[in-house]
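Breakdown of the fold
Single-letter residue listing:
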Amino acid sequence: MSLSYQSDTPASPEVDDSDCTAPSWFVGMQQMIMTRFDRFEDRLNLIIKTQHEHEKAIARNARDIAELSRRLSGELMNLKNRQMANEHALASLQERSATTEETSTTAPAPASTLTEDCYDDCEVRLSGVPVILDPRDINNVKYVLEALGEERLLSHVICVREWKAKPRVSAANSTISQIDTAVNHVPDTEACVLRFISANARESFLAAAPRFQRLPVSKIFVLHEAEDGRLSAAPILPPERYRLLRRCWLLHKQHKLPNPVVRNMRIYMRCLNRTKLTLINTEADLNAFAIALPSLSSSFTSSCHPSPTSA
(Lines give C-alpha, C1' and ligand atoms only; values in the text may rest on other atoms or scores of the structure.)
Protein backbone atom coordinates (compact mmCIF):
# COMPACT_ATOMS: atom_id res chain seq x y z
CA MET A 1 0.00 0.00 0.00
CA SER A 2 1.59 3.13 -1.14
CA LEU A 3 1.50 6.15 1.02
CA SER A 4 1.54 9.63 -0.40
CA TYR A 5 3.40 12.24 1.64
CA GLN A 6 2.33 15.81 1.49
CA SER A 7 4.72 18.49 2.61
CA ASP A 8 3.62 20.70 5.42
CA THR A 9 5.36 23.71 3.78
CA PRO A 10 2.93 25.56 1.62
CA ALA A 11 3.94 26.00 -1.96
CA SER A 12 5.13 29.49 -2.86
CA PRO A 13 2.79 31.27 -5.15
CA GLU A 14 3.99 32.28 -8.59
CA VAL A 15 5.64 35.68 -8.69
CA ASP A 16 3.91 38.12 -10.91
CA ASP A 17 6.27 40.25 -13.05
CA SER A 18 4.13 43.28 -12.53
CA ASP A 19 4.81 43.11 -8.76
CA CYS A 20 8.66 43.44 -9.35
CA THR A 21 8.47 46.99 -10.76
CA ALA A 22 9.41 49.84 -8.39
CA PRO A 23 6.65 51.96 -7.02
CA SER A 24 5.95 55.24 -8.72
CA TRP A 25 6.91 57.24 -5.64
CA PHE A 26 10.31 55.56 -5.63
CA VAL A 27 10.87 56.31 -9.30
CA GLY A 28 9.93 59.95 -8.74
CA MET A 29 12.26 60.18 -5.77
CA GLN A 30 15.08 58.65 -7.82
CA GLN A 31 14.57 61.12 -10.67
CA MET A 32 14.50 64.04 -8.23
CA ILE A 33 17.75 62.87 -6.64
CA MET A 34 19.43 62.46 -10.03
CA THR A 35 18.27 65.94 -11.06
CA ARG A 36 19.73 67.41 -7.90
CA PHE A 37 22.99 65.56 -8.50
CA ASP A 38 23.13 67.04 -12.01
CA ARG A 39 22.57 70.52 -10.61
CA PHE A 40 25.21 69.91 -7.97
CA GLU A 41 27.67 68.80 -10.65
CA ASP A 42 26.96 71.93 -12.72
CA ARG A 43 27.51 74.13 -9.70
CA LEU A 44 30.70 72.27 -8.85
CA ASN A 45 31.98 72.83 -12.40
CA LEU A 46 31.11 76.52 -12.08
CA ILE A 47 33.02 76.69 -8.79
CA ILE A 48 36.04 75.02 -10.39
CA LYS A 49 35.92 77.42 -13.33
CA THR A 50 35.63 80.41 -11.00
CA GLN A 51 38.54 79.10 -8.96
CA HIS A 52 40.70 78.87 -12.09
CA GLU A 53 39.79 82.45 -12.99
CA HIS A 54 40.68 83.57 -9.48
CA GLU A 55 44.02 81.78 -9.72
CA LYS A 56 44.76 83.58 -13.00
CA ALA A 57 43.76 86.91 -11.44
CA ILE A 58 45.97 86.21 -8.42
CA ALA A 59 48.92 85.39 -10.68
CA ARG A 60 48.33 88.55 -12.70
CA ASN A 61 48.07 90.65 -9.55
CA ALA A 62 51.26 89.07 -8.24
CA ARG A 63 53.08 90.14 -11.41
CA ASP A 64 51.65 93.64 -11.14
CA ILE A 65 52.67 93.85 -7.49
CA ALA A 66 56.19 92.71 -8.35
CA GLU A 67 56.42 95.34 -11.10
CA LEU A 68 55.06 98.01 -8.77
CA SER A 69 57.55 96.96 -6.10
CA ARG A 70 60.38 97.27 -8.60
CA ARG A 71 59.26 100.75 -9.65
CA LEU A 72 58.75 101.80 -6.06
CA SER A 73 62.26 100.64 -5.20
CA GLY A 74 63.60 102.75 -8.07
CA GLU A 75 61.63 105.78 -6.95
CA LEU A 76 62.79 105.35 -3.35
CA MET A 77 66.37 105.05 -4.52
CA ASN A 78 65.96 108.22 -6.57
CA LEU A 79 64.50 110.06 -3.57
CA LYS A 80 67.36 108.79 -1.43
CA ASN A 81 69.90 110.05 -3.96
CA ARG A 82 68.18 113.43 -4.10
CA GLN A 83 68.19 113.63 -0.31
CA MET A 84 71.89 112.82 -0.20
CA ALA A 85 72.55 115.44 -2.88
CA ASN A 86 70.58 118.01 -0.88
CA GLU A 87 72.52 117.13 2.26
CA HIS A 88 75.83 117.51 0.43
CA ALA A 89 74.69 120.84 -1.02
CA LEU A 90 73.58 122.04 2.41
CA ALA A 91 76.87 120.99 3.95
CA SER A 92 78.74 122.81 1.18
CA LEU A 93 76.68 125.96 1.72
CA GLN A 94 77.24 125.81 5.48
CA GLU A 95 80.97 125.41 4.94
CA ARG A 96 81.05 128.35 2.55
CA SER A 97 78.98 130.41 4.96
CA ALA A 98 81.44 129.69 7.76
CA THR A 99 84.35 130.57 5.47
CA THR A 100 82.62 133.80 4.48
CA GLU A 101 82.12 134.80 8.10
CA GLU A 102 85.76 134.11 8.88
CA THR A 103 87.13 136.05 5.92
CA SER A 104 84.41 138.76 6.05
CA THR A 105 83.78 138.51 2.34
CA THR A 106 80.46 138.65 0.55
CA ALA A 107 81.41 136.87 -2.66
CA PRO A 108 78.54 134.56 -3.75
CA ALA A 109 79.13 130.90 -4.35
CA PRO A 110 79.71 129.93 -7.98
CA ALA A 111 76.67 128.65 -9.83
CA SER A 112 78.41 125.38 -10.62
CA THR A 113 78.42 124.39 -6.93
CA LEU A 114 74.64 124.39 -6.70
CA THR A 115 72.89 121.09 -6.98
CA GLU A 116 70.16 120.92 -9.60
CA ASP A 117 68.13 118.42 -7.62
CA CYS A 118 67.53 121.07 -4.92
CA TYR A 119 65.08 122.98 -7.11
CA ASP A 120 63.78 120.35 -9.51
CA ASP A 121 59.97 120.33 -9.26
CA CYS A 122 59.61 117.58 -11.91
CA GLU A 123 57.01 119.60 -13.83
CA VAL A 124 56.06 119.40 -17.50
CA ARG A 125 54.00 121.85 -19.53
CA LEU A 126 51.43 120.16 -21.79
CA SER A 127 50.32 122.54 -24.56
CA GLY A 128 47.65 122.25 -27.23
CA VAL A 129 44.75 121.20 -24.98
CA PRO A 130 41.36 122.29 -26.45
CA VAL A 131 39.74 125.15 -24.57
CA ILE A 132 36.51 123.19 -24.15
CA LEU A 133 38.34 120.92 -21.69
CA ASP A 134 39.25 121.74 -18.11
CA PRO A 135 43.07 121.90 -17.93
CA ARG A 136 42.94 120.88 -14.25
CA ASP A 137 40.99 117.67 -14.87
CA ILE A 138 43.02 114.53 -14.15
CA ASN A 139 40.85 112.59 -16.63
CA ASN A 140 42.43 114.54 -19.49
CA VAL A 141 45.84 113.35 -18.30
CA LYS A 142 44.46 109.80 -18.27
CA TYR A 143 43.39 110.11 -21.92
CA VAL A 144 46.82 111.47 -22.86
CA LEU A 145 48.71 108.67 -21.12
CA GLU A 146 46.45 106.02 -22.63
CA ALA A 147 47.08 107.44 -26.11
CA LEU A 148 50.83 107.31 -25.47
CA GLY A 149 50.65 103.79 -24.03
CA GLU A 150 52.04 105.05 -20.70
CA GLU A 151 49.09 104.35 -18.38
CA ARG A 152 51.51 103.30 -15.64
CA LEU A 153 52.58 106.94 -15.22
CA LEU A 154 49.12 108.05 -14.07
CA SER A 155 49.89 107.06 -10.48
CA HIS A 156 53.09 109.15 -10.69
CA VAL A 157 51.21 112.40 -11.45
CA ILE A 158 50.70 114.16 -8.12
CA CYS A 159 49.33 117.50 -9.32
CA VAL A 160 47.64 119.02 -12.38
CA ARG A 161 47.22 122.78 -12.66
CA GLU A 162 46.46 125.35 -15.31
CA TRP A 163 49.35 127.03 -17.08
CA LYS A 164 49.09 130.80 -16.84
CA ALA A 165 51.58 132.46 -19.13
CA LYS A 166 53.10 135.67 -17.86
CA PRO A 167 52.88 138.84 -19.99
CA ARG A 168 56.64 139.08 -20.45
CA VAL A 169 58.26 136.21 -22.27
CA SER A 170 61.58 136.77 -20.52
CA ALA A 171 59.97 136.08 -17.15
CA ALA A 172 58.20 132.88 -18.18
CA ASN A 173 59.43 129.87 -16.26
CA SER A 174 59.38 127.34 -19.07
CA THR A 175 61.41 126.13 -22.00
CA ILE A 176 61.06 128.04 -25.23
CA SER A 177 58.81 126.90 -28.01
CA GLN A 178 61.64 125.52 -30.16
CA ILE A 179 62.02 122.46 -27.96
CA ASP A 180 58.33 121.62 -27.99
CA THR A 181 57.58 118.36 -29.73
CA ALA A 182 54.64 119.68 -31.75
CA VAL A 183 55.19 121.11 -35.21
CA ASN A 184 51.75 122.63 -35.87
CA HIS A 185 50.22 125.50 -33.96
CA VAL A 186 46.68 124.79 -32.79
CA PRO A 187 44.44 127.85 -32.32
CA ASP A 188 42.06 128.18 -29.40
CA THR A 189 44.08 125.97 -27.13
CA GLU A 190 45.41 126.16 -23.60
CA ALA A 191 48.08 124.47 -21.53
CA CYS A 192 48.34 122.65 -18.24
CA VAL A 193 51.19 121.68 -15.94
CA LEU A 194 51.79 118.10 -14.82
CA ARG A 195 53.85 117.57 -11.70
CA PHE A 196 55.41 114.13 -11.39
CA ILE A 197 56.55 112.38 -8.26
CA SER A 198 60.12 111.94 -9.53
CA ALA A 199 62.50 112.91 -12.29
CA ASN A 200 62.41 109.38 -13.68
CA ALA A 201 58.65 109.57 -14.24
CA ARG A 202 59.00 112.99 -15.88
CA GLU A 203 61.74 111.78 -18.22
CA SER A 204 59.66 108.72 -19.16
CA PHE A 205 56.78 111.01 -20.14
CA LEU A 206 59.05 113.32 -22.14
CA ALA A 207 60.61 110.32 -23.91
CA ALA A 208 57.13 109.31 -25.13
CA ALA A 209 56.13 112.89 -26.09
CA PRO A 210 57.35 112.66 -29.75
CA ARG A 211 54.43 110.28 -30.37
CA PHE A 212 52.14 113.32 -30.19
CA GLN A 213 53.12 114.10 -33.78
CA ARG A 214 51.13 111.02 -34.90
CA LEU A 215 48.17 111.55 -32.55
CA PRO A 216 45.55 114.21 -33.39
CA VAL A 217 43.86 115.94 -30.48
CA SER A 218 40.46 114.70 -31.66
CA LYS A 219 41.66 111.10 -31.35
CA ILE A 220 43.24 111.54 -27.91
CA PHE A 221 40.22 113.19 -26.25
CA VAL A 222 37.54 111.65 -28.52
CA LEU A 223 36.32 115.07 -29.67
CA HIS A 224 34.85 114.96 -33.15
CA GLU A 225 34.43 118.73 -33.31
CA ALA A 226 38.07 119.40 -32.39
CA GLU A 227 40.63 120.29 -35.03
CA ASP A 228 43.44 117.94 -35.98
CA GLY A 229 45.98 119.72 -33.83
CA ARG A 230 48.85 118.19 -31.91
CA LEU A 231 49.84 118.30 -28.27
CA SER A 232 53.33 119.25 -27.16
CA ALA A 233 55.28 118.68 -23.96
CA ALA A 234 58.26 120.52 -22.51
CA PRO A 235 59.96 120.46 -19.09
CA ILE A 236 59.57 123.53 -16.90
CA LEU A 237 63.03 124.76 -16.00
CA PRO A 238 64.16 126.85 -13.03
CA PRO A 239 64.74 130.54 -13.87
CA GLU A 240 68.54 130.32 -13.99
CA ARG A 241 68.45 127.19 -16.11
CA TYR A 242 65.84 128.74 -18.41
CA ARG A 243 67.96 131.84 -19.06
CA LEU A 244 70.94 129.62 -19.80
CA LEU A 245 68.84 127.61 -22.26
CA ARG A 246 67.79 130.79 -24.06
CA ARG A 247 71.44 131.71 -24.52
CA CYS A 248 72.07 128.21 -25.90
CA TRP A 249 69.29 128.70 -28.43
CA LEU A 250 70.77 132.07 -29.39
CA LEU A 251 74.14 130.42 -30.03
CA HIS A 252 72.32 127.71 -31.97
CA LYS A 253 70.78 130.31 -34.30
CA GLN A 254 74.01 132.25 -34.77
CA HIS A 255 76.12 129.23 -35.76
CA LYS A 256 73.34 126.98 -37.14
CA LEU A 257 74.09 124.26 -34.62
CA PRO A 258 71.91 121.25 -33.77
CA ASN A 259 69.13 121.92 -31.29
CA PRO A 260 70.09 121.99 -27.61
CA VAL A 261 69.08 118.88 -25.70
CA VAL A 262 67.48 118.95 -22.24
CA ARG A 263 67.82 115.74 -20.26
CA ASN A 264 66.99 115.49 -16.58
CA MET A 265 67.16 119.29 -16.20
CA ARG A 266 70.63 119.38 -17.78
CA ILE A 267 71.43 121.17 -21.04
CA TYR A 268 73.64 119.62 -23.70
CA MET A 269 74.93 120.99 -27.01
CA ARG A 270 76.94 119.66 -29.92
CA CYS A 271 78.72 121.34 -32.79
CA LEU A 272 77.51 118.91 -35.46
CA ASN A 273 75.19 115.95 -35.69
CA ARG A 274 76.60 112.59 -34.57
CA THR A 275 79.16 114.32 -32.39
CA LYS A 276 79.44 113.91 -28.64
CA LEU A 277 77.13 116.00 -26.46
CA THR A 278 78.74 118.69 -24.31
CA LEU A 279 77.25 119.51 -20.90
CA ILE A 280 76.42 123.21 -20.54
CA ASN A 281 76.03 123.73 -16.81
CA THR A 282 77.01 127.41 -16.52
CA GLU A 283 77.52 130.44 -18.73
CA ALA A 284 81.25 129.78 -18.52
CA ASP A 285 80.67 126.35 -20.06
CA LEU A 286 78.65 127.97 -22.85
CA ASN A 287 81.38 130.55 -23.54
CA ALA A 288 84.04 127.83 -23.60
CA PHE A 289 81.90 125.79 -26.00
CA ALA A 290 81.46 128.81 -28.30
CA ILE A 291 85.22 129.47 -28.31
CA ALA A 292 85.98 125.82 -29.10
CA LEU A 293 83.48 125.60 -31.97
CA PRO A 294 86.02 126.15 -34.81
CA SER A 295 88.44 123.56 -33.46
CA LEU A 296 85.66 121.04 -32.81
CA SER A 297 84.26 121.45 -36.32
CA SER A 298 87.68 121.12 -37.96
CA SER A 299 88.59 118.04 -35.91
CA PHE A 300 85.30 116.36 -36.81
CA THR A 301 85.76 117.19 -40.50
CA SER A 302 89.32 115.84 -40.52
CA SER A 303 88.20 112.63 -38.82
CA CYS A 304 85.48 112.11 -41.42
CA HIS A 305 87.77 112.97 -44.37
CA PRO A 306 91.35 111.95 -43.50
CA SER A 307 94.09 113.41 -45.64
CA PRO A 308 95.65 110.98 -48.16
CA THR A 309 99.10 109.64 -47.34
CA SER A 310 101.92 109.37 -49.83
CA ALA A 311 102.72 105.95 -51.18
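Now for a quick tour of the structure. Since the structure is predicted, the reported quantities are computational estimates derived from the model, not experimental observations.

**Comments concerning the overall build of the chain**
- When its secondary structure is counted, the chain shows 7 helices and 7 strands.
- When the helices and strands of the chain are listed from N to C terminus, the series reads α-β-α-β-β-α-α-β-α-β-β-β-α-α.
- Out of the 311 residues in the chain, the part that is buried amounts to 30%.
- Counted over contacts in the chain with a minimum sequence separation of 6, partners at least 24 positions apart contribute 72%.
- Carbon and sulfur atoms form 55% of the exposed surface of the chain, whose accessible area is close to 21600 Å².

**Brief notes about the packing of helix H5 (residues 239-255) against helix H6 (residues 283-291)**
- Running from N to C, H5 and H6 cross one another at 10°; their axes reach a closest spacing of 10 Å. The pairing of H5 with H6 is recorded here as roughly parallel in orientation. Of H6, the residues touching H5 (which contributes Leu244, Arg247, Cys248 and Leu251) are Glu283, Leu286, Asn287, Phe289 and Ala290.
- When grouped by side-chain class, the residues that make up the contact of H5 with H6 number 6 nonpolar, 1 polar and 2 charged.

**Considerations on the packing of aromatic side chains**
- Following the criterion strictly, the structure yields 3 aromatic pairs and no others.
- Here Phe196 and Phe205 contribute two aromatic rings whose centre-to-centre distance is 5.5 Å and whose plane-to-plane angle is 40°, an arrangement assigned as tilted.
- Note on Phe205: relative accessible area 1%, which makes it buried.
- Between Phe205 and Phe212, the aromatic rings sit 6.5 Å apart at their centres with planes inclined by 65°, giving edge-to-face as the arrangement. Each member of the pair, Phe205 together with Phe212, is buried.
- A network of ring pairs unites the aromatic residues Phe196, Phe205 and Phe212 as a single cluster.
- Just above the ring of Trp163 sits the side chain of Arg125; from NZ or CZ to the centre is 5.3 Å.

**What about empty space enclosed by the protein?**
- What the rule picks out here adds up to 1 cavity of 30 Å³ or more.
- A volume near 40 Å³ is recorded for the largest cavity.
- What lines the largest cavity is simply Leu126, Val129, Asp134, Pro135, Asp137, Asn140, Val141, Val160, Cys192 and Phe221.
- Every element with two or more residues in the lining of the largest cavity is listed here: strand E1 (123-130) and helix H2 (138-148).
- A breakdown of the residues in the lining of the largest cavity according to their chemical character gives 7 nonpolar, 1 polar and 2 charged.

**Observations regarding the environment of Leu194**
- Residue placement: Leu194 occurs in strand E3 (residues 189-196).
- It is 9.7 Å that separates the C-alpha atoms of Leu194 and Ile236, two residues lying 42 residues apart in sequence.
- Discounting residues that sit within four places of it in the chain, Leu194 has contacts with Cys122, Glu123, Val124, Val141, Cys159, Val160 and Phe205.

**Section: the side chain of Glu123**
- As for its position among the elements, Glu123 is in strand E1.
- By relative accessible area, which is 10% here, Glu123 ends up buried.
- Here Arg161 takes part through its side chain, which lies 3.1 Å from a polar atom of the side chain of Glu123.

**Re the sheet that holds strand E5 (residues 261-263)**
- What the 3 strands build is an open sheet, ordered E5-E6-E7; its pairing is antiparallel. With one partner strand each, in any of the chains shown, E5 and strand E7 (278-280) form the two edges of the open sheet. Pairs of neighbouring strands in the sheet enclose a mean axial angle of 40°, with direction left out of account.
- Pairing between strand E6 (residues 266-269) and E7: 3 bridges, direction antiparallel.

**Things to note about a nonpolar patch on the surface**
- On the surface, a nonpolar cluster with roughly 470 Å² of combined accessible area is contributed by Met29, Met32, Ile33, Met34 and Phe37.
- For Met34, the position within the fold is in helix H1 (residues 24-103).
- Overall, the relative accessible area of 46% leaves Met34 in the partly exposed class.

**Some remarks on the pattern of salt bridges**
- In total, this model carries 9 salt bridges according to the counting rule given.
- Here Arg211 makes a salt bridge to Glu150, at a shortest N to O gap of 3.7 Å. Of this pair, Arg211 sits in the loop between helix H3 (199-208) and helix H4 (217-220) while Glu150 sits in the loop between H2 and strand E2 (157-162); the two residues are 61 residues apart in sequence, bridging distant segments of the chain.
- Ionic pairing is found between Arg243 and Glu240, a salt bridge with its closest N-O pair at 2.6 Å. Residue Arg243 and its partner Glu240 are both found in helix H5; the two are separated by 3 residues, about one turn of the helix.
- On the basis of relative accessible area, Arg243 is assigned to the partly exposed category, the value being 41%.
- The network of salt bridges with common partners includes Glu67, Arg70 and Arg71.

**Describing the pairing of E6**
- Alternating positions in E6 separate cleanly, Ile267 and Met269 being buried on one face and Arg266 and Tyr268 remaining unburied on the opposite face.
- Here E5 folds back onto E6 in antiparallel fashion, the turn holding 2 residues, of which Asn264 has a positive phi close to 55°.

Conventions and cut-offs
- Residues numbered from 1 in each chain as written.
- Predicted model: local features only at pLDDT ≥ 70, side-chain atom pairs only at ≥ 80, totals over all residues.
- Heavy atoms only, no water.
- Helix = DSSP H or I, 4+ residues; strand = E, 2+ residues; numbered from the N terminus.
- Buried < 20%, exposed > 50% of the residue type's maximum accessible area, 1.4 Å probe, protein only.
- Contact = heavy atoms within 4.5 Å.
- Areas by Shrake-Rupley, 256 points an atom, 1.4 Å probe, with all protein chains shown as cover.
- Axes fitted to C-alpha atoms, helices over the stretch in contact; angles between N-to-C directions.
- Parallel < 35°, antiparallel > 145°, perpendicular 65-115°, else oblique.
- Nonpolar A, V, L, I, M, F, W, Y, C, P; charged D, E, K, R; others polar.
- Phe/Tyr/Trp six-rings, centres within 6.5 Å; stacked < 30°, edge-to-face > 60°.
- Lys NZ or Arg CZ within 6 Å of the ring centre and 35° of its normal.
- 1 Å grid on protein atoms, 1.4 Å probe; cavity = no way out; pocket = protein on both sides within 12 Å on 5 of 7 lines; lining within 4 Å.
- Points joined across faces, edges and corners; volume = space filled by probe spheres on them.
- Polar contact = N/O pair within 3.5 Å; in protein donor to acceptor, adjacent residues only side chain to side chain.
- Pairing = 2+ DSSP bridges.
- Patch = residues over 30% accessible without salt bridge, like charges linked within 9 Å, V, L, I, M, F, W, Y side chains within 5 Å.
- Salt bridge = Lys/Arg side-chain N within 4 Å of Asp/Glu carboxyl O.

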